[in-house]
Amino acid sequence: FAAAALLLLSVPSPVAAFVAIPPAFRASSTSPRVLLAEPSSASPEEAAEKRRKVLENMAANPKLYELHPNVRKAIFTNKENRRRAKESKRRREPASVKKRRLLLQYKQSAAATKRAAYIERAVPREEQFPLESLSRGDAVNAERNATVISLTPFGAYVDIGCEIDGLLHVRDMSASDFISHPRELFTSGDKVDLDLLVKYVDPAGRRLAFSAVPLEDESAEEEEDRIRVEDVHLHDELWGEIAKVTAYGAFVEIGTEVEGFLHFMDHPDHPLYRGEPPRTFMAVGERVRVWAADVDVERNRIKLTAVRPTALPLLGRL
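Residues numbered from 1 in each chain as written. Predicted model: local features only at pLDDT ≥ 70, side-chain atom pairs only at ≥ 80, totals over all residues. Heavy atoms only, no water.

Caption draft 1: Focus on unusual backbone geometry. Of note, His235 is a non-glycine position whose phi angle comes to about 70°, a positive value. Relative to the elements of secondary structure, His235 occurs in the loop between helix H6 (220-225) and strand S7 (237-245). The class for His235 is partly exposed, based on a relative accessible area of 25%. In this model, Asn300 sits at a positive phi of 60°, which is unusual for a non-glycine residue. Relative to the helices and strands, Asn300 is located in the loop between strand S10 (287-296) and strand S11 (301-305). (Helix = DSSP H or I, 4+ residues; strand = E, 2+ residues; numbered from the N terminus. Buried < 20%, exposed > 50% of the residue type's maximum accessible area, 1.4 Å probe, protein only.)

Caption draft 2: Fine view of the sheet that holds S7. Read around the closed barrel, the five strands follow the order S7-S8-S9-S11-S10; overall the barrel is mixed. Averaged over neighbouring strand pairs, the angle between their axes works out to 50° when direction is ignored. Two strands pair when backbone bridges link them, and S10 and S11 are joined in this way by five bridges, in the antiparallel orientation. Residue pairing in the sheet places Ala292 in a bridge with Leu304 of S11. (Pairing = 2+ DSSP bridges. Axes fitted to C-alpha atoms, helices over the stretch in contact; angles between N-to-C directions.)

Caption draft 3: Summary view of the sheet that holds strand S1 (residues 139-140). On the basis of which strands lie adjacent, the open sheet formed by six strands has the order S1-S5-S6-S4-S3-S2 and mixed pairing. The outermost strands of the open sheet, each flanked by one partner alone, are S1 and strand S2 (147-152). Note that S2 and strand S3 (residues 155-159) share five bridges and pair antiparallel. Its bridge partner lying in S3, Leu151 is registered against Ala156.

Caption draft 4: Geometry of the pattern of salt bridges. The final tally for this structure, using the stated rule, is 13 salt bridges. Of the charged contacts in the structure, one is a salt bridge between Arg52 and Glu56, with a shortest N-O distance of 2.4 Å. Of this pair, Arg52 and Glu56 both sit in helix H3 (residues 44-60), separated by four residues, roughly a single helical turn. On the basis of relative accessible area, Glu56 is assigned to the partly exposed category, the value being 44%. Beyond isolated ion pairs, a larger network of salt bridges with shared partners links Glu80, Arg83, Arg84 and Glu87. (Salt bridge = Lys/Arg side-chain N within 4 Å of Asp/Glu carboxyl O.)

Caption draft 5: Representation of the nonpolar core in the model. Formed by 22 residues in total, the largest nonpolar core has its most connected members in Leu134, Val158, Ile160, Leu208 and Phe210. Elements supplying a minimum of two residues to this core: S3, strand S5 (196-202) and strand S6 (207-211). The biggest single contributor to this core is S5, with three residues. Beyond its immediate stretch of four places on either side in the chain, Val158 contacts Ala146, Thr147, Asp165, Gly166, Leu168, Val192, Leu196 and Phe210. One finds Val229, Ile254, Leu262 and Met282 within the second-largest nonpolar core, a separate group that totals 18 residues. (Core = buried A, V, L, I, M, F, W, Y, C linked by side-chain atoms within 4.5 Å. Contact = heavy atoms within 4.5 Å.)

Caption draft 6: How the structure looks around the layout of surface pockets. For the largest pocket, the calculated volume is near 1,600 Å³. In terms of lining residues, the largest pocket is bounded by 44 residues, among which Arg171, Ala243, Lys244, Glu253 and Glu259 are the most central. Where the lining of the largest pocket is concerned, the elements lending two or more residues are S7, strand S8 (249-253), strand S9 (260-263), S10 and S11. Examining the composition of the lining of the largest pocket, we find that six residues originate from one element, S7, more than from any other. Partitioning the lining of the largest pocket into residue classes produces 16 nonpolar, eight polar and 20 charged. (1 Å grid on protein atoms, 1.4 Å probe; cavity = no way out; pocket = protein on both sides within 12 Å on 5 of 7 lines; lining within 4 Å. Points joined across faces, edges and corners; volume = space filled by probe spheres on them. Nonpolar A, V, L, I, M, F, W, Y, C, P; charged D, E, K, R; others polar.)

Caption draft 7: Here's a closer look at the side chain of Lys244. As for its position among the elements, Lys244 is in strand S7. Of the buried charged residues, Lys244 lacks a salt bridge, with Asp172 as the closest side chain of opposite charge at 6.1 Å. At 2.6 Å, the side chain of Lys244 forms a polar contact with the backbone oxygen of Arg171. Side-chain polar atoms of Lys244 contact the backbone oxygen of Ser174, separated by 3.2 Å. In contact with Lys244, other than residues within four places in its own chain, are Arg171, Ser174, Ala175, Ser176, Asp177, Gly249, Ala250, Phe251 and Val284. (Lys, Arg positive; Asp, Glu negative; His and termini not counted. Polar contact = N/O pair within 3.5 Å; in protein donor to acceptor, adjacent residues only side chain to side chain.)

Caption draft 8: Fine view of the pairing of S3. Counting buried residues along S3, four of its five residues qualify, which places the element largely inside the surrounding structure. The antiparallel pairing of S2 with S3 creates a hairpin that spans two residues between the two strands. As paired elements, S3 and strand S4 (residues 166-169) share four bridges and run antiparallel to each other. Bridged to Val158 within S4 is Gly166. Between S3 and the antiparallel strand that follows it, S4, lie six residues; Gly161 among them carries a positive phi value of about 90°.

Below is the structure:
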(Lines give C-alpha, C1' and ligand atoms only; values in the text may rest on other atoms or scores of the structure.)
Protein backbone atom coordinates (compact mmCIF):
# COMPACT_ATOMS: atom_id res chain seq x y z
CA PHE A 1 0.00 0.00 0.00
CA ALA A 2 2.84 2.41 0.86
CA ALA A 3 4.59 1.64 -2.44
CA ALA A 4 1.36 2.35 -4.36
CA ALA A 5 0.94 5.69 -2.55
CA LEU A 6 4.48 6.74 -3.40
CA LEU A 7 3.90 5.75 -7.02
CA LEU A 8 0.78 7.91 -7.21
CA LEU A 9 2.56 10.91 -5.69
CA SER A 10 5.44 10.57 -8.15
CA VAL A 11 3.08 10.92 -11.15
CA PRO A 12 3.01 14.60 -12.31
CA SER A 13 -0.56 15.87 -12.22
CA PRO A 14 -1.93 19.48 -12.05
CA VAL A 15 -4.47 18.39 -9.44
CA ALA A 16 -1.73 17.18 -7.12
CA ALA A 17 0.35 20.34 -7.40
CA PHE A 18 1.04 21.86 -3.96
CA VAL A 19 1.83 25.49 -3.14
CA ALA A 20 5.36 26.02 -1.87
CA ILE A 21 5.55 26.46 1.90
CA PRO A 22 7.89 29.11 3.30
CA PRO A 23 10.68 27.94 5.65
CA ALA A 24 8.99 29.63 8.60
CA PHE A 25 6.07 27.24 8.35
CA ARG A 26 8.22 24.17 7.77
CA ALA A 27 9.95 24.72 11.09
CA SER A 28 6.69 24.61 13.06
CA SER A 29 5.74 21.50 14.95
CA THR A 30 2.43 21.26 13.14
CA SER A 31 2.92 21.62 9.38
CA PRO A 32 0.23 23.83 7.84
CA ARG A 33 -2.08 22.23 5.37
CA VAL A 34 -2.36 24.19 2.13
CA LEU A 35 -5.04 24.23 -0.53
CA LEU A 36 -4.42 22.59 -3.85
CA ALA A 37 -3.62 24.86 -6.75
CA GLU A 38 -5.94 25.41 -9.69
CA PRO A 39 -5.70 23.06 -12.67
CA SER A 40 -3.20 23.89 -15.38
CA SER A 41 -5.91 25.55 -17.51
CA ALA A 42 -5.12 28.83 -15.72
CA SER A 43 -2.43 31.02 -17.23
CA PRO A 44 1.00 31.14 -15.53
CA GLU A 45 0.41 34.77 -14.51
CA GLU A 46 -2.90 33.93 -12.80
CA ALA A 47 -1.35 30.94 -11.04
CA ALA A 48 1.59 33.05 -9.82
CA GLU A 49 -0.79 35.79 -8.57
CA LYS A 50 -2.92 33.26 -6.69
CA ARG A 51 0.20 31.64 -5.21
CA ARG A 52 1.38 35.07 -4.04
CA LYS A 53 -1.97 35.81 -2.36
CA VAL A 54 -1.96 32.42 -0.64
CA LEU A 55 1.54 33.04 0.73
CA GLU A 56 0.48 36.50 1.99
CA ASN A 57 -2.55 35.00 3.74
CA MET A 58 -0.36 32.30 5.26
CA ALA A 59 2.03 34.93 6.62
CA ALA A 60 -0.85 37.01 8.02
CA ASN A 61 -2.88 34.09 9.48
CA PRO A 62 -0.53 31.18 10.16
CA LYS A 63 -2.95 29.39 12.52
CA LEU A 64 -5.70 29.47 9.89
CA TYR A 65 -3.55 27.43 7.50
CA GLU A 66 -2.91 24.79 10.15
CA LEU A 67 -6.55 23.72 9.79
CA HIS A 68 -7.79 21.06 7.42
CA PRO A 69 -8.38 22.44 3.90
CA ASN A 70 -12.07 21.57 4.08
CA VAL A 71 -12.47 23.50 7.34
CA ARG A 72 -10.60 26.45 5.92
CA LYS A 73 -12.74 26.37 2.80
CA ALA A 74 -15.88 26.34 4.94
CA ILE A 75 -14.64 29.44 6.82
CA PHE A 76 -13.99 31.32 3.58
CA THR A 77 -17.33 30.24 2.13
CA ASN A 78 -19.19 31.35 5.23
CA LYS A 79 -17.53 34.75 5.13
CA GLU A 80 -18.39 35.20 1.45
CA ASN A 81 -21.99 34.10 2.05
CA ARG A 82 -22.39 36.65 4.86
CA ARG A 83 -21.03 39.39 2.62
CA ARG A 84 -23.48 38.49 -0.15
CA ALA A 85 -26.36 38.34 2.34
CA LYS A 86 -25.56 41.86 3.56
CA GLU A 87 -25.46 43.17 -0.01
CA SER A 88 -28.76 41.49 -0.83
CA LYS A 89 -30.39 42.88 2.31
CA ARG A 90 -29.08 46.35 1.51
CA ARG A 91 -30.52 46.19 -2.01
CA ARG A 92 -33.93 45.16 -0.69
CA GLU A 93 -34.08 47.62 2.22
CA PRO A 94 -36.89 50.23 2.24
CA ALA A 95 -36.19 53.82 1.28
CA SER A 96 -36.74 55.05 4.84
CA VAL A 97 -34.19 52.59 6.25
CA LYS A 98 -31.69 53.50 3.54
CA LYS A 99 -32.16 57.20 4.26
CA ARG A 100 -31.60 56.63 7.98
CA ARG A 101 -28.50 54.52 7.30
CA LEU A 102 -26.98 57.11 4.95
CA LEU A 103 -27.73 59.90 7.42
CA LEU A 104 -25.94 57.96 10.16
CA GLN A 105 -22.95 57.42 7.88
CA TYR A 106 -22.88 61.14 7.07
CA LYS A 107 -22.94 62.09 10.76
CA GLN A 108 -20.14 59.65 11.54
CA SER A 109 -18.06 60.99 8.64
CA ALA A 110 -18.70 64.60 9.72
CA ALA A 111 -17.70 63.77 13.30
CA ALA A 112 -14.49 62.10 12.09
CA THR A 113 -13.67 65.11 9.91
CA LYS A 114 -14.28 67.45 12.83
CA ARG A 115 -12.00 65.41 15.11
CA ALA A 116 -9.28 65.41 12.44
CA ALA A 117 -9.53 69.19 12.07
CA TYR A 118 -9.34 69.84 15.82
CA ILE A 119 -6.73 72.46 16.62
CA GLU A 120 -4.86 72.13 19.90
CA ARG A 121 -4.71 75.45 21.73
CA ALA A 122 -1.34 76.74 22.87
CA VAL A 123 -2.71 78.02 26.21
CA PRO A 124 -4.69 75.65 28.44
CA ARG A 125 -8.17 76.81 29.40
CA GLU A 126 -7.27 77.28 33.06
CA GLU A 127 -4.42 79.66 32.09
CA GLN A 128 -6.41 81.88 29.69
CA PHE A 129 -6.68 85.57 30.59
CA PRO A 130 -10.07 87.28 31.06
CA LEU A 131 -11.76 89.29 28.33
CA GLU A 132 -11.97 92.37 30.59
CA SER A 133 -8.19 92.86 30.31
CA LEU A 134 -8.48 93.86 26.62
CA SER A 135 -9.54 97.24 25.26
CA ARG A 136 -10.05 98.77 21.82
CA GLY A 137 -6.79 99.49 20.02
CA ASP A 138 -4.66 97.00 21.95
CA ALA A 139 -1.99 95.38 19.78
CA VAL A 140 -1.87 91.59 19.58
CA ASN A 141 1.88 91.01 19.51
CA ALA A 142 3.77 87.84 18.62
CA GLU A 143 3.87 86.75 22.27
CA ARG A 144 0.12 86.10 22.11
CA ASN A 145 0.79 83.32 19.57
CA ALA A 146 -2.36 84.07 17.55
CA THR A 147 -3.68 80.88 15.92
CA VAL A 148 -6.56 80.37 13.49
CA ILE A 149 -9.06 78.01 15.10
CA SER A 150 -11.79 77.85 12.45
CA LEU A 151 -12.90 79.49 9.21
CA THR A 152 -16.31 80.80 8.22
CA PRO A 153 -17.50 82.42 4.96
CA PHE A 154 -17.30 85.85 6.63
CA GLY A 155 -14.07 85.59 8.62
CA ALA A 156 -11.71 83.59 10.80
CA TYR A 157 -11.84 82.92 14.53
CA VAL A 158 -8.45 83.53 16.14
CA ASP A 159 -7.18 82.31 19.51
CA ILE A 160 -4.77 84.61 21.39
CA GLY A 161 -4.96 82.88 24.76
CA CYS A 162 -8.14 84.70 25.80
CA GLU A 163 -11.15 82.97 27.32
CA ILE A 164 -13.03 83.42 23.99
CA ASP A 165 -11.89 83.46 20.37
CA GLY A 166 -11.92 86.73 18.44
CA LEU A 167 -13.36 87.23 14.96
CA LEU A 168 -11.16 88.60 12.19
CA HIS A 169 -13.66 89.70 9.54
CA VAL A 170 -12.78 89.44 5.85
CA ARG A 171 -13.08 93.20 5.39
CA ASP A 172 -10.52 93.73 8.19
CA MET A 173 -7.88 91.34 6.79
CA SER A 174 -6.33 93.77 4.31
CA ALA A 175 -6.38 97.52 3.79
CA SER A 176 -5.85 97.34 0.01
CA ASP A 177 -6.89 93.85 -1.15
CA PHE A 178 -10.42 92.48 -1.29
CA ILE A 179 -10.67 89.09 0.43
CA SER A 180 -13.70 87.12 -0.72
CA HIS A 181 -13.07 84.17 1.65
CA PRO A 182 -10.61 83.74 4.54
CA ARG A 183 -9.26 80.55 2.96
CA GLU A 184 -7.36 82.80 0.55
CA LEU A 185 -5.04 83.72 3.44
CA PHE A 186 -5.48 81.12 6.18
CA THR A 187 -6.23 77.52 6.97
CA SER A 188 -7.17 76.07 10.34
CA GLY A 189 -4.11 75.86 12.58
CA ASP A 190 -2.09 78.60 10.85
CA LYS A 191 -0.19 81.19 12.85
CA VAL A 192 -1.42 84.71 12.11
CA ASP A 193 1.53 86.80 10.91
CA LEU A 194 -0.52 89.99 10.59
CA ASP A 195 -0.34 92.92 13.01
CA LEU A 196 -3.69 92.53 14.72
CA LEU A 197 -5.48 95.18 16.73
CA VAL A 198 -8.43 94.77 19.04
CA LYS A 199 -11.27 96.35 17.10
CA TYR A 200 -14.21 95.57 19.36
CA VAL A 201 -14.51 94.06 22.82
CA ASP A 202 -17.73 93.46 24.76
CA PRO A 203 -17.22 91.55 28.04
CA ALA A 204 -20.96 91.60 28.80
CA GLY A 205 -21.93 90.19 25.40
CA ARG A 206 -18.91 87.88 25.25
CA ARG A 207 -17.76 89.25 21.90
CA LEU A 208 -14.28 90.04 20.58
CA ALA A 209 -13.16 91.28 17.15
CA PHE A 210 -9.74 91.92 15.60
CA SER A 211 -8.55 93.99 12.67
CA ALA A 212 -5.41 93.96 10.54
CA VAL A 213 -6.31 97.42 9.22
CA PRO A 214 -5.41 100.55 11.23
CA LEU A 215 -8.40 101.73 13.20
CA GLU A 216 -9.97 105.09 12.39
CA ASP A 217 -11.89 106.77 15.17
CA GLU A 218 -14.61 108.97 13.73
CA SER A 219 -16.22 111.61 15.86
CA ALA A 220 -19.97 111.86 16.24
CA GLU A 221 -20.02 114.94 14.01
CA GLU A 222 -18.22 113.12 11.20
CA GLU A 223 -20.66 110.23 11.42
CA GLU A 224 -23.59 112.64 11.23
CA ASP A 225 -22.07 114.42 8.22
CA ARG A 226 -22.11 111.22 6.15
CA ILE A 227 -24.70 111.09 3.38
CA ARG A 228 -27.50 108.60 3.88
CA VAL A 229 -28.12 106.03 1.17
CA GLU A 230 -31.68 107.19 0.64
CA ASP A 231 -30.39 110.72 -0.06
CA VAL A 232 -28.39 109.51 -3.06
CA HIS A 233 -30.33 109.62 -6.32
CA LEU A 234 -29.78 108.10 -9.71
CA HIS A 235 -27.13 109.85 -11.84
CA ASP A 236 -25.91 112.01 -8.95
CA GLU A 237 -22.34 113.17 -9.56
CA LEU A 238 -19.91 112.35 -6.74
CA TRP A 239 -16.20 112.51 -6.06
CA GLY A 240 -14.52 109.74 -4.15
CA GLU A 241 -11.34 107.88 -3.32
CA ILE A 242 -10.69 104.23 -4.12
CA ALA A 243 -10.50 102.28 -0.85
CA LYS A 244 -10.08 98.67 -2.07
CA VAL A 245 -9.48 96.99 -5.42
CA THR A 246 -11.02 93.58 -6.11
CA ALA A 247 -10.99 91.17 -9.03
CA TYR A 248 -14.21 92.75 -10.32
CA GLY A 249 -13.75 96.42 -9.56
CA ALA A 250 -13.16 98.76 -6.63
CA PHE A 251 -14.90 100.06 -3.53
CA VAL A 252 -14.96 103.86 -3.53
CA GLU A 253 -15.29 106.07 -0.45
CA ILE A 254 -17.78 108.75 -1.53
CA GLY A 255 -18.78 110.15 1.88
CA THR A 256 -21.90 108.01 2.24
CA GLU A 257 -22.82 105.59 4.99
CA VAL A 258 -21.54 102.74 2.82
CA GLU A 259 -18.84 102.58 0.17
CA GLY A 260 -19.95 102.50 -3.45
CA PHE A 261 -18.86 99.77 -5.84
CA LEU A 262 -17.33 100.66 -9.20
CA HIS A 263 -17.22 97.76 -11.67
CA PHE A 264 -14.08 97.60 -13.78
CA MET A 265 -16.11 97.71 -17.01
CA ASP A 266 -17.59 101.04 -15.88
CA HIS A 267 -14.14 102.64 -15.66
CA PRO A 268 -13.20 104.95 -18.58
CA ASP A 269 -9.76 103.31 -18.93
CA HIS A 270 -11.15 99.79 -19.32
CA PRO A 271 -11.09 99.83 -23.18
CA LEU A 272 -7.39 100.70 -23.07
CA TYR A 273 -6.55 97.79 -20.76
CA ARG A 274 -8.95 95.17 -22.10
CA GLY A 275 -8.08 91.75 -20.68
CA GLU A 276 -5.95 93.17 -17.87
CA PRO A 277 -6.89 92.87 -14.16
CA PRO A 278 -8.49 95.93 -12.51
CA ARG A 279 -5.30 96.62 -10.55
CA THR A 280 -3.68 97.69 -13.80
CA PHE A 281 -5.78 100.86 -14.08
CA MET A 282 -7.18 101.17 -10.52
CA ALA A 283 -5.13 102.00 -7.45
CA VAL A 284 -5.91 102.53 -3.79
CA GLY A 285 -6.03 106.22 -2.93
CA GLU A 286 -6.82 107.36 -6.47
CA ARG A 287 -9.49 110.09 -6.70
CA VAL A 288 -12.23 109.42 -9.23
CA ARG A 289 -15.33 111.19 -10.43
CA VAL A 290 -18.30 108.88 -10.45
CA TRP A 291 -22.05 108.89 -10.95
CA ALA A 292 -24.65 106.84 -9.11
CA ALA A 293 -25.72 104.08 -11.52
CA ASP A 294 -28.03 102.25 -9.09
CA VAL A 295 -29.15 102.86 -5.50
CA ASP A 296 -30.60 99.95 -3.51
CA VAL A 297 -31.95 101.33 -0.24
CA GLU A 298 -33.25 97.98 1.03
CA ARG A 299 -29.89 96.24 0.61
CA ASN A 300 -27.95 99.39 1.53
CA ARG A 301 -25.84 99.33 -1.65
CA ILE A 302 -24.68 101.92 -4.18
CA LYS A 303 -23.45 101.01 -7.65
CA LEU A 304 -21.22 103.56 -9.37
CA THR A 305 -19.98 104.31 -12.85
CA ALA A 306 -17.06 106.49 -13.94
CA VAL A 307 -18.53 106.96 -17.42
CA ARG A 308 -20.90 109.89 -17.76
CA PRO A 309 -24.45 108.52 -18.18
CA THR A 310 -25.99 109.16 -21.60
CA ALA A 311 -29.26 110.15 -19.92
CA LEU A 312 -27.65 113.34 -18.63
CA PRO A 313 -27.78 116.40 -20.86
CA LEU A 314 -24.65 117.26 -22.79
CA LEU A 315 -22.67 120.27 -21.62
CA GLY A 316 -21.97 122.70 -24.44
CA ARG A 317 -18.93 124.93 -24.55
CA LEU A 318 -19.42 128.67 -24.30
